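Spelled out from the first residue to the last, the chains are:
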Number of protein chains: 2
Amino acid sequence: MQGKPNKGKIMITTGLEDYLELIYNSIEKKENIKAIDIANKFNISRSSVSEALIRLADLGLIIYNGRKGIDITTEGKVEAEKIIKKHRILYTFFNEILSINQTISNKNACKIEHVIDDEVIAKIEIFSNYCKANSIEKKFKETQND
Amino acid sequence: MQGKPNKGKIMITTGLEDYLELIYNSIEKKENIKAIDIANKFNISRSSVSEALIRLADLGLIIYNGRKGIDITTEGKVEAEKIIKKHRILYTFFNEILSINQTISNKNACKIEHVIDDEVIAKIEIFSNYCKANSIEKKFKETQND
DNA sequence: AATAATAGTAAGGTATACCTAACAAAATGT
DNA sequence: ACATTTTGTTAGGTATACCTTACTATTATT
């Protein structure tokens, strides 16, 4: 039922997706991400990260050379960007349309981004834009205060 | 990272939640659900269901006596109802507000219901009602056809 | 340069969620 | 009633995602 990576596609698990996301973001910020940073961020052991990085490298998503550093491949970037885009769309919907605080919006986006289908995400994005274009989120927020 | 049941609460895993949901719905419909029905529904083996039912019974959510039948406890009902409510709210939002077809709406509700927080679900419910009360979903749908 | 601290790996362990194969008990068909 | 099929259980196996402990290699401190 679980853990079974989906069909043919690359399809990595929730955990690996999270680690890849962090690697991508760090590299974008020109930060030199190391295995231990991932361990600290997600509160998992160094050895678990070690294994996970080897897996991501096996999947062709990163280039990993131990202490020499972690780099992301083109394919890895594409995957990471997909996840980050989902995250951003969900976060925006929760925070800006539903007026849910940043922490909860982020936490829920983090979990849902791994399971939601592209079609649904696409619709949420369009709908969020529609709401903003028509100030629906403002009108909705007003009904919430009374 | 994964599979780790959350904090103190009852907290069962995605798979167990799905099975409990089916058990609850079958009992509501006065159907006599058996282990094999669960196996067929979720495409898993009889032995996996056997284990899962023992686990649900250990958690106090069902009463399981092999061939003698599956029954749900009060606590199990409460848990199942929570999940089913989340499912319903998500399904309605996807299908009626975003105009996503029933199959995709259902599939995504099935996955998200296990990870979304109560606060977010509550807001989605209120927002869906607000949309319907103001025919926002109809106006949105019109912009989609052009 | 020598020592101490940090970072990564390896080995071995746990728990979960599946699986198949073999078996036993119960339900069903004739 | 007897044979067949169905259903559930057991035993043993796989893969994942964690863990701890011990070890090694590198980096920093003095």
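Before any of the text, the structure's been laid out above.
Residues numbered from 1 in each chain as written. Chains lettered and ligands numbered in written order. Predicted model: local features only at pLDDT ≥ 70, side-chain atom pairs only at ≥ 80, totals over all residues. Heavy atoms only, no water.

### Considering the pattern of salt bridges
- Applying the stated criterion to the full structure yields 14 salt bridges over all chains.
- As a salt-bridge pair, Glu96(A) and Lys132(A) come within 2.6 Å of each other at their nearest N and O atoms. Taken together, the residues Glu96(A) in helix H4 (residues 74-97) and Lys132(A) in helix H6 (residues 118-133) connect sequence positions 36 residues apart.
- The exposure class of Lys132(A) is partly exposed, given its relative accessible area of 34%.
- Note that Glu79(B) is salt-bridged to Lys82(B), the shortest N-O span being 3.2 Å. Of this pair, Glu79(B) and Lys82(B) are both found in helix H4 (residues 74-97), three residues apart, which corresponds to roughly one turn of the helix.
- For Lys82(B), a relative accessible area of 45% puts it in the partly exposed group. (Salt bridge = Lys/Arg side-chain N within 4 Å of Asp/Glu carboxyl O. Helix = DSSP H or I, 4+ residues; strand = E, 2+ residues; numbered from the N terminus. Buried < 20%, exposed > 50% of the residue type's maximum accessible area, 1.4 Å probe, protein only.)

### Digging into the packing of H4(A) against helix H5 (residues 102-112) of chain A
Residue and element names in this part refer to chain A.
- Running from amino to carboxyl end, H4 crosses H5 at an angle of 145°, the nearest separation of the two axes being 8 Å. Every pair of crossing elements has a handedness; the one defined by H4 and H5 is right-handed. Mapping the contact onto sequence places His 87, Leu 90, Tyr 91, Phe 94 and Asn 95 in H4 and Gln 102, Ser 105, Asn 106, Asn 108, Ala 109, Cys 110 and Ile 112 in H5.
- A per-class count over the contact of H4 with H5 returns six nonpolar, six polar and no charged. (Axes fitted to C-alpha atoms, helices over the stretch in contact; angles between N-to-C directions. Left-handed = near helix turned anticlockwise from the far one by under 90°. Contact = heavy atoms within 4.5 Å. Nonpolar A, V, L, I, M, F, W, Y, C, P; charged D, E, K, R; others polar.)

### Re the layout of surface pockets
Residue and element names in this part refer to chain B.
- Space inside the second largest pocket adds up to approximately 300 Å³.
- Asn 32, Ile 33, Lys 34, Ala 35, Ile 36, Arg 46, Ser 50, Tyr 64, Gly 66, Arg 67, Lys 68 and Gly 69 are the residues that line the second largest pocket.
- When contributions to the lining of the second largest pocket are tallied by element, the ones reaching two or more residues are helix H2 (35-42) and helix H3 (46-58).
- Along the lines of polarity and charge, the residues of the lining of the second largest pocket split into four nonpolar, four polar and four charged. (1 Å grid on protein atoms, 1.4 Å probe; cavity = no way out; pocket = protein on both sides within 12 Å on 5 of 7 lines; lining within 4 Å. Points joined across faces, edges and corners; volume = space filled by probe spheres on them.)

### Section: H4(A)
- Between its terminal C-alpha atoms H4(A) stretches 33 Å, which fits the 34 Å expected from 24 residues at 1.5 Å a residue.
- Phi turns positive, to about 60°, at Ser99(A), one or two residues after H4(A). (Expected span 1.5 Å × (residues − 1).)

### With respect to the side chain of Glu113(A)
All names here are of chain A.
- Tracing the sequence through the fold places Glu 113 in the loop between H5 and H6.
- The side chain of Glu 113 is buried and forms no salt bridge, while Lys 86, the nearest opposite charge, is found at 9.1 Å.
- Among the polar contacts made by the side chain of Glu 113, one reaches the side chain of His 87 at a distance of 2.6 Å.
- Leave out the neighbours within four places in its chain, and Glu 113 touches Asp 18, Glu 21, Ile 83, Lys 86, His 87 and Leu 90. (Lys, Arg positive; Asp, Glu negative; His and termini not counted. Polar contact = N/O pair within 3.5 Å; in protein donor to acceptor, adjacent residues only side chain to side chain.)

### A look at the nonpolar core
- Counting residues in each nonpolar core, the largest one holds 42 residues, and the members touching the most others are Phe93(A), Phe127(A), Phe93(B) and Phe127(B).
- Those elements that provide at least two residues to this core are H4, H5, H6 and helix H7 (136-145) of chain A together with H4, helix H5 (102-112), helix H6 (118-133) and helix H7 (136-145) of chain B.
- Not counting chain neighbours up to four residues away, the residues in contact with Phe127(B) comprise Phe93(A), Ile97(A), Leu98(A), Phe127(A), Cys131(A), Ile136(A), Phe140(A) and Phe93(B). (Core = buried A, V, L, I, M, F, W, Y, C linked by side-chain atoms within 4.5 Å.)

### Description of the relation of the copies chain B and chain A
- Overlaying chain B on chain A yields an RMSD of 0.0 Å, the required transformation being a rotation through 180° with an accompanying axial translation of 0.0 Å. Taken together, the rotation angle and the small translation identify this as a two-fold axis. Taking C-alpha positions as reference, the residue of chain B nearest the rotation axis is Ile112(B), located at 3.1 Å.
- When the interface residues of chain B are mapped onto chain A, 100% of them are again interface residues, pointing to one common binding face. (Least-squares fit on C-alpha atoms with pLDDT ≥ 70 in both.)

### Topic: the packing of aromatic side chains
All names here are of chain B.
- In total, this model carries 14 aromatic pairs over all chains according to the counting rule given.
- Ring geometry for Tyr 19 against Phe 42: centres 5.1 Å apart, planes inclined by 65°, an arrangement best described as edge-to-face. A residue pair is termed long-range when its members are at least 10 positions apart, and Tyr 19 in helix H1 (residues 14-28) and Phe 42 in helix H2 qualify at 23 residues.
- Measuring from centroid to centroid gives 5.9 Å for Phe 93 and Phe 94, while their planes differ by 50°, and the two rings are tilted. (Phe/Tyr/Trp six-rings, centres within 6.5 Å; stacked < 30°, edge-to-face > 60°.)

The quantities given are spatial measurements derived from coordinates; they are silent on function.
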